[in-house]
There are 2 protein chains.
Amino acid sequence: MAENVAPVRARNAAATRQAILDAAKSRFAKEGYDGASLREIAADARVDAALVSRYFGSKEELFVEVLNCGPDATELFQGELSQFGERVADKLMDDPDRQDGLDHLLIMLRSASSPAAAEPLRRSMRTWFHDPFAAYLGGPEADVRARLAGDLIMGVAISRAITDDHDLDVEGQAALRRRLAKVIQAAIEP
Amino acid sequence: MAENVAPVRARNAAATRQAILDAAKSRFAKEGYDGASLREIAADARVDAALVSRYFGSKEELFVEVLNCGPDATELFQGELSQFGERVADKLMDDPDRQDGLDHLLIMLRSASSPAAAEPLRRSMRTWFHDPFAAYLGGPEADVRARLAGDLIMGVAISRAITDDHDLDVEGQAALRRRLAKVIQAAIEP
DNA sequence: TGTAAAAGTCATCAACCGTTGACTTGGGCG
DNA sequence: CGCCCAAGTCAACGGTTGATGACTTTTACA
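Residues numbered from 1 in each chain as written. Chains lettered and ligands numbered in written order. Predicted model: local features only at pLDDT ≥ 70, side-chain atom pairs only at ≥ 80, totals over all residues. Heavy atoms only, no water.

Here's the deal with the interface of chain B and chain A
No. 1: Residue-level contacts link 42 residues of chain B with 42 residues of chain A.
No. 2: When chain B packs against chain A, close to 3700 Å² is buried across both sides, 61% of that on carbon and sulfur atoms.
No. 3: Our count for the chain B to chain A interface comes out at four salt bridges.
No. 4: Between B:Glu141 and A:Arg179 there is a salt bridge, with its nearest N and O atoms 3.5 Å apart. (Contact = heavy atoms within 4.5 Å. Buried area = accessible area lost by both parts, 1.4 Å probe. Salt bridge = Lys/Arg side-chain N within 4 Å of Asp/Glu carboxyl O.)

Right under this line is the structure:
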């Protein structure tokens, strides 16, 4: 018993930093800014808690870094505009674990109540979601249409995250998917 | 200097209890279940913090009590069905302080990330919002239509609560209100 | 190989949280 | 008036959080 435990990862600042960022992103998405503790994040990343503060300075700076590091939603803003509703509806009604593109949305809703997180959230939302969305839509009142459709998407994502869809049967979900696609399309139409 | 401070309120269990409930409702709506502390709530109600635990047993029980005490949203579910979109859009775009009917929605979104609050939230949402809404709508797939429209309303309420509307000018807000009314109506149409 | 800096760990701090038990104060009833 | 129970207060608890400084281990270079 010379070496007591596995080293988990070779000493590599960049890799460790990334591991912390990944763990933080996941935790923030699941529990929000306040709910996620640095100790949990550090445990997920197999790292001492003190190292997180050391690498990122403070929890808020880590949060900003997480928000700025991954766009993730831009993949939605490619392809036929007329099929946008269908695409997003499919994505939203997928099983929650596959919603990579919606991590930031989840972070947003779960951290909405934290004053410390509010300002970074606003900025990130605008940069990574709203502005690209409005540019993708184009046409008159693009910002209003993007805002409305974005709010709808966020509302549905929240609802799914909260209710776990225990209250809708299979055909109910199918009906919701159809209707959702239609309404999203109506929201972005000029 | 015999009496050192104002008694604030005559000794009255019912009134004190109600004052705590009001303060809790407001705090939960502003900061969510985790963010609102019993000490803050007690201070708002001009009451010692210990009294809150004494009256309601625990923070979670107080939360449940707040959720169960006021429906508040039923007023939306009265009047012409064809005007529903207009009515809700007006309500949503009002200044945030006047959104009495949406307090529970705010509480819901701000507390979405707290495991302790999740189950009471689901129950309350269903009882006080979704079910009456579906009953009000009627017709085929009433639950799906209620769910979708509810998600849209929640998303818009969240968005407004977060962004403070610093990013939309006056005519932008007017355009958003028009479009919102239209999309809500589309969401509830059979 | 020797060494200095980077990478990671440990112990600890002050602040805040929800909750509890012992205490003091007040008002209504005999 | 005097009592007594309800209403309200105070101080303290164990636990958790974010953050910091001193410490040890590893890596890489001369």
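Here's the deal with the protein's contact with DNA strand D
No. 1: Among the 20 residues in the neighbourhood of DNA strand D, the closest are listed as A:Leu38, A:Arg39, A:Lys59, B:Arg11 and B:Tyr55.
No. 2: When the atoms of DNA strand D within 4 Å of the protein are grouped by moiety, sugar and phosphate amount to 48% of the total.
No. 3: Between B:Arg39 and DNA strand D, the recorded distance is 3.4 Å, taken from a side-chain N or O atom to a base nitrogen.
No. 4: At the level of secondary structure, the elements contributing two or more residues to the surface near DNA strand D comprise helix H2 (38–44) and helix H3 (49–56) of chain A together with helix H1 (13–35) and helix H3 (49–56) of chain B.
No. 5: A total of four residues in the surface near DNA strand D trace back to one element, the largest contributor, which is H3(B).
No. 6: Residue composition of the surface near DNA strand D, by class: seven nonpolar, five polar and eight charged. (Near = heavy atom within 4 Å. Polar contact = N/O pair within 3.5 Å; in protein donor to acceptor, adjacent residues only side chain to side chain. Helix = DSSP H or I, 4+ residues; strand = E, 2+ residues; numbered from the N terminus. Nonpolar A, V, L, I, M, F, W, Y, C, P; charged D, E, K, R; others polar.)

Looking at the relation of the copies chain B and chain A
No. 1: By a simple turn and slide, chain B fits onto chain A: the slide is 0.0 Å along the axis, the RMSD is 0.1 Å, and the turn is 179°. These values place the two chain copies in the arrangement generated by a two-fold rotation axis. When each C-alpha of chain B is compared by its distance to the rotation axis, B:Gly155 comes out closest, at 1.9 Å.
No. 2: Most of the interface of chain B is mirrored in chain A, where 100% of its interface residues are also at the interface. (Least-squares fit on C-alpha atoms with pLDDT ≥ 70 in both.)

A word on the nonpolar core
No. 1: With 125 residues, the main nonpolar core has A:Phe28, A:Leu62, A:Phe133, B:Phe28, B:Leu62 and B:Phe133 as its most contacted residues.
No. 2: In this view, A:Phe133 contacts A:Phe77, A:Phe84, A:Ala146, A:Ala149, A:Gly150 and A:Ile188; residues no more than four positions away in its chain are not counted. (Core = buried A, V, L, I, M, F, W, Y, C linked by side-chain atoms within 4.5 Å. Buried < 20%, exposed > 50% of the residue type's maximum accessible area, 1.4 Å probe, protein only.)

Bear in mind that shape data such as this cannot, by itself, settle questions of function.
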